[in-house]
Amino acid sequence: MLLIRCPYCDESRPEIEFRHAGEAHIVRSDKMADLTPDEFERYFFLRDNRKGDVYERWRHIHGCGRFLNAVRNTVTDRFLMTYKAGEPRPALPDPQAQAAATEGNGQ
Amino acid sequence: MRKYSIFAIAREAMRGHKGWDRQWSSPEPRSSYDVVIVGAGGHGLGTAYYLAKEHGIKNIAVIEKGWLGGGNTGRNTTIIRSNYLYDESAGLYNHALNLWENLSQELNYNVMYSARGVMMLQHNVHDVQSAKRHIHANRLNGIDNEWLEPDAAKAFCPPLNISSSARYPVMGAALQRRGGVARHDAVAWGYARAAADMGVHIIQNCEVTGIRRGANGDVTGVDTARGFIGAKKVGVVAAGHTSVLMDMAGIRMPLESFPLQALVSEPVKPIFPCVVMSNTVHAYISQSDKGELVIGAGTDQYTSYSQTGGLHIIQHTLDAICEMFPIFSRMKMLRSWGGIVDVTPDRSPILAKTPVKGLYVNCGWGTGGFKATPGSAHVFAHTIANDAPHKINEGFTLERFRTGRLIDEAAAAAVAH
Ligand SMILES: Cc1cc2nc3c(=O)[nH]c(=O)nc-3n(C[C@H](O)[C@H](O)[C@H](O)COP(=O)(O)OP(=O)(O)OC[C@H]3O[C@@H](n4cnc5c(N)ncnc54)[C@H](O)[C@@H]3O)c2cc1C
Ligand SMILES: [Zn+2]
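1. Here we look at the overall build of chain B
- From N to C terminus, chain B includes 12 helices and 18 strands.
- Relative to the globule expectation of 22 Å for 417 residues, the C-alpha radius of gyration of chain B, 21 Å, shows essentially globular dimensions.
- In terms of overall dimensions, chain B has C-alpha extents of about 65 × 65 × 40 Å along its principal axes.
- A buried classification covers 53% of the 417 residues belonging to chain B.
- Within chain B, contacts between residues at least 6 apart in sequence are counted, and of these 75% link residues at least 24 apart.

Below, the structure written as structure tokens:
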């Protein structure tokens, strides 16, 4: 089970308190009725589904109830960070710094 | 290839089993092939087999990053059935079921297909209504599926707890008698042996790292751990890794990859005669010929390529198993593992051409593609050979997510193994 840090509650809580809510930063158009089939497909069905670091949404459903965003690695399942919904997409930490940080954790 | 038979066993028994051939060879890759299949699971190996056997295309390589059959083919709970709701699905899965019946003879390899019946339990009024709807729809499509009252369900599967005080009372069940199980590894091995015998190259431990396209955008081959391999046509059959591969050709897919787990118990004497599934409480169980109870759990909620899932997921499944079959509450579980399943928005597969000429994709089988292996491989080979779908997979396109012509088994089945 994953441990997830909720940026609102400012606590790390077990995964069962959260609901995964798919890829993050997919913007819903304010003119849904005007979308072409291609645009609708991109918005509604197509996903990056990357092997590596992904941006995703979670909802702290059995806690504060709010949506949050996270960056997680889909090979290790390690969270790199969580941040509040609505905040801009953060740049991915560079892999070398990441490796150094991981080593530090191990000591 | 030396044929397997009772006489071969007798002959080998007389000489210390020293005369068995290797089942397939490990050739050096050629510089190019007519068709390259990426992924040596059951679907990929089967595709190569039918291309060689039915379409006369023999200059084929199946390229696999690990060992053949080591993906979901070798990790699944082997449930086979064809009682899907929609016409398109009924056509596809029943095509597979028809091929299962003769597959051991066809491949000269015992895939141990055992039509012991798949019984799907229904625990509430909504379940009952939806099961009956499935049964009627299936019968209109000529697919066997019948309704059992609780007593009849118990008679078919004696360990079942049908007491009305059960936490998940059994209100009846849908039974497909032709459904059952098969030996997963043998399916991969049988297709591999038969394909290799017709000249197909199976190249293991060789990851595909790129899909190359020429100046006009058409596929020209694949980059691999062992260098570039040219191909006129490339079929991607990579299950959980499909998005990663299609991204190499610049195609974003309607797929998400999730961990799915299964586990087996210590082996015991025959106790469990059929396959029982419950979508409502999310548990699947059968007994292997080795005697282990084979139990399938649900997917994790988050996308992942880690091939492990959360402990709470299998715990939840075991809770349900012990409620339905109190007799198993003291059994010890021996092993558990995970696979990565590629899930489409409508829970139906994609077996189709792609916007890139010469590139084909067979994916989206999610939690339930083992049962379809022979049928999927058969129609996918047709699609590659003719550059056009077989009638049976016409609807399973990539474009359906643009046109809206979905095959919405997601709504119909909630879960599907
Ligand atoms: C726990 C579990 C239980 C299941 N239970 C059932 C069930 O009861 N009934 C049922 O019908 N289905 C079930 N399924 C689903 C079923 O296993 C799959 O749908 C089916 O086996 C898919 O077969 P495949 O040949 O497409 O994929 P796989 O067997 O996964 O083959 C794909 C291959 O592609 C290879 N590959 C990936 N990337 C690359 C690359 N870059 N280069 C080269 N090779 C690559 C992989 O290594 C893999 O061997 C279950 C799945 C799981 C995980
Ligand atoms: Zn919170």
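Having seen it, we continue.
2. Observations concerning the site of ligand 1
Residues and elements named next belong to chain B.
- The full set close to ligand 1 counts 40 residues, and Gly 39, Gly 41, Gly 71, Gly 339 and Gly 369 are the nearest of them.
- Secondary structure elements with two or more residues in the shell around ligand 1: helix H2 (42–54), strand E12 (256–265) and strand E16 (333–343).
- In terms of residue class, the shell around ligand 1 is made up of 14 nonpolar, 21 polar and 5 charged.
- The two domains that each donate at least three residues to the shell around ligand 1 are domain 1 (28–109 + 183–254 + 346–413) and domain 2 (118–177 + 257–343).

3. Some thoughts on the sheet that holds strand E5 (residues 146–148) of chain B
All names here are of chain B.
- A sheet is described by the order of its strands in space; here 8 strands give the open sequence E5-E6-E4-E13-E14-E15-E12-E16, paired in mixed fashion. A strand with exactly one partner marks an edge of an open sheet, and here the two such strands are E5 and E16. Looking at each pair of strands side by side, their axes are set apart by 20 degrees on average, direction ignored.
- Examined bridge by bridge, strand E14 (residues 283–287) and strand E15 (residues 293–299) share 4 bridges and lie antiparallel to one another. Its bridge partner lying in E15, Ser 286 is registered against Val 294.
- Along the sheet face, helix H9 (residues 311–324) touches E12, strand E13 (275–278), E14, E15 and E16 and points at about 130 degrees away from the line of E15.

4. Some points on the environment of Val 208 of chain B
All names here are of chain B.
- Topologically, Val 208 is positioned in strand E9 (residues 208–213).
- Linking Val 208 and Gly 19, residues 189 residues apart in sequence, is a C-alpha distance of 35 Å.
- In contact with Val 208, not counting residues within four places along its chain, are Val 38, Ile 63, Lys 65, Val 222, Thr 224 and Leu 245.

5. Brief notes about the pairing of strand E17 (residues 350–353) of chain B
Residue and element names in this part refer to chain B.
- Two strands pair when backbone bridges link them, and E17 and strand E18 (residues 359–363) are joined in this way by 4 bridges, in the antiparallel orientation. Each bridged residue has a counterpart across the sheet, and for Ile 350 the counterpart in E18 is Cys 363.
- Hairpin remark: E17 followed by E18, antiparallel, with 5 residues in the connecting loop; positive phi at Gly 358, about 90 degrees.

6. Thoughts on the sheet that holds strand E5 (residues 67–73) of chain A
Residue and element names in this part refer to chain A.
- Strand order in this open sheet of 4 strands is E3-E4-E5-E6, and the pairing throughout is antiparallel. Whereas interior strands pair on both sides, the edge strands pair on one side only; in this sheet they are strand E3 (19–23) and strand E6 (79–84). Each neighbouring strand pair of the sheet contributes to a mean axis angle of 30 degrees, computed without reference to strand direction.

7. Focus: the domain arrangement of chain B
All names here are of chain B.
- Domain assignment breaks chain B into domain 1 (28–109 + 183–254 + 346–413) and domain 2 (118–177 + 257–343).
- A straight line from the C-alpha centre of domain 1 to that of domain 2 covers 28 Å.
- On the side of domain 2, 26 residues touch domain 1, which itself brings 23 residues to the contact.
- Those elements that place two or more of their residues in the side of domain 1 that touches domain 2 are helix H3 (87–101) and helix H8 (242–248).
- Sorting elements by how many residues they give to the side of domain 1 that touches domain 2 places H3 first, with 3 residues.
- Of the residues that constitute the side of domain 1 that touches domain 2, the class distribution is 6 nonpolar, 13 polar and 4 charged.

8. Remarks on the nonpolar core
- Ranked by internal contacts, the top residues of the largest apolar core, which has 121 residues, are Val 36, Val 38, Ile 60, Val 62 and Met 119 of chain B.
- Leaving out residues up to four positions away in the same chain, Ile 60 of chain B has contacts with Tyr 33, Asp 34, Val 35, Ile 37, Ala 48, Leu 51, Ala 52, Val 200 and His 201 of chain B.
- Judged by nonpolar contacts, the second largest core, of 8 residues, contains Leu 2, Ile 4, Trp 58 and Ala 70 of chain A.

Calculation criteria
Residues numbered from 1 in each chain as written. Chains lettered and ligands numbered in written order. Predicted model: local features only at pLDDT ≥ 70, side-chain atom pairs only at ≥ 80, totals over all residues. Helix = DSSP H or I, 4+ residues; strand = E, 2+ residues; numbered from the N terminus. Rg over C-alpha atoms; globule rule 2.2 N^0.38 Å. Buried ≥ 20, exposed ≤ 12 C-beta atoms within 10 Å, placed from the backbone. Contact = placed C-beta atoms within 7 Å. Near = placed C-beta within 6 Å. Nonpolar A, V, L, I, M, F, W, Y, C, P; charged D, E, K, R; others polar. Domains from an automatic or database assignment. Pairing = 2+ DSSP bridges. Axes fitted to C-alpha atoms, helices over the stretch in contact; angles between N-to-C directions. Core = buried A, V, L, I, M, F, W, Y, C linked by C-beta atoms within 7 Å.

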